[in-house]
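Survey of secondary and tertiary structure
Each chain, letter by letter, is given below.
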Amino acid sequence: MAFPELLYQWEKKVEIDSVYTAFRDIAEGEPIKIKSFDDAFEDLKQFRGTIRIDETAEKVIIKKVELAYWEDSSPNSKQTHVQPIYHFLGETINNDGDRGTFEGFIAAVPDMLTTP
């Protein structure tokens, strides 16, 4: 199975200027049991993953959680498997009541399979 990598460059008119594609074979692996939602949520609370949050946020409201798959799309990547992840989406609120966007990506692969 091959997954394309698409990199877009935009001009002011919001038209596609060029498209770069690269295909990489993805190996079919063995089925694994993913970590529980509770474990993933604990990882999120401990900032063990990729988190996008406003620096002034005082409160986070999670509105949606998806099970998704991550592929490193950099041209030099040697990744051969897509990785299951929990994708947390929501909003932040700061002390002034301003709202912002929250997004967190937490590996769904159990730590024992990723830690040497």
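Residues numbered from 1 in each chain as written. Predicted model: local features only at pLDDT ≥ 70, side-chain atom pairs only at ≥ 80, totals over all residues. Heavy atoms only, no water.

Some words on a nonpolar patch on the surface
Convention followed: Patch membership needs two things, relative accessible area over 30% and no salt bridge, and members are linked within 9 Å if like-charged or within 5 Å if nonpolar (Val, Leu, Ile, Met, Phe, Trp, Tyr). Using the Shrake-Rupley algorithm and a 1.4 Å probe, accessible areas are obtained, with residue cover drawn only from the displayed protein chains. Basic side-chain nitrogens of Lys or Arg form a salt bridge, by our definition, when they fall within 4 Å of a carboxyl oxygen of Asp or Glu. Each helix is a run of DSSP H or I of at least 4 residues and each strand a run of E of at least 2, with the numbering of both proceeding from the N terminus.
Together, Phe37, Phe47, Ile53, Val60, Ile62 and Val65 make up an exposed nonpolar region whose accessible area comes to about 470 Å². Relative to the helices and strands, Val65 resides in strand β4 (residues 57-70).

Re the packing of aromatic side chains
Which entries qualify depends on this criterion: The rule is short: rings of Phe, Tyr and Trp, with Trp giving its six-membered ring, pair when the centres are within 6.5 Å, and they are stacked under 30 degrees, edge-to-face over 60, tilted in between. The buried label applies to any residue whose accessible area, calculated with a 1.4 Å probe on protein chains only, is under 20% of its type's maximum; exposed applies above 50%, and partly exposed to all values in between.
Scanning all chains against the criterion turns up six aromatic pairs. With centroids separated by 6.5 Å and ring planes inclined at 75 degrees, the aromatic side chains of Phe37 and Tyr86 adopt a geometry described as edge-to-face. Placement of Phe37 in helix α1 (residues 37-45) and of Tyr86 in strand β5 (residues 83-94) is noted, with a sequence separation of 49 residues between them. For Tyr86, a relative accessible area of 9% corresponds to the buried category. One aromatic cluster is present, built from ring pairs that chain together Phe37, Phe41, Tyr86 and Phe88.

Notes on the pairing of strand β6 (residues 99-107)
Note the threshold: Two strands are counted as paired when DSSP detects at least two bridges linking them.
Pairing analysis gives three bridges linking strand β3 (residues 50-52) to β6, with the strands arranged antiparallel. Bridge pairing links Ile51 to Gly104 in β6. Bridge count between β5 and β6: nine bridges; the pairing is antiparallel. Each residue of the ladder has a partner; that of Gly90, found in β6, is Phe102.

Brief notes about α1
How we decide: The directions considered for the arc run from the helix axis to the C-beta atoms. Note on contacts: a residue pair qualifies if any of its non-hydrogen atoms lie within 4.5 Å across the two residues.
Among the residues of α1, those classed as buried are Ala40, Asp43 and Leu44. Buried residues of α1, viewed axially, fall in a sector of 100 degrees; they line one side. Against β3, β4, β5 and β6 lie the buried residues of α1. Trailing α1 by a residue or two, Phe47 shows a phi angle of about 60 degrees, which is positive.

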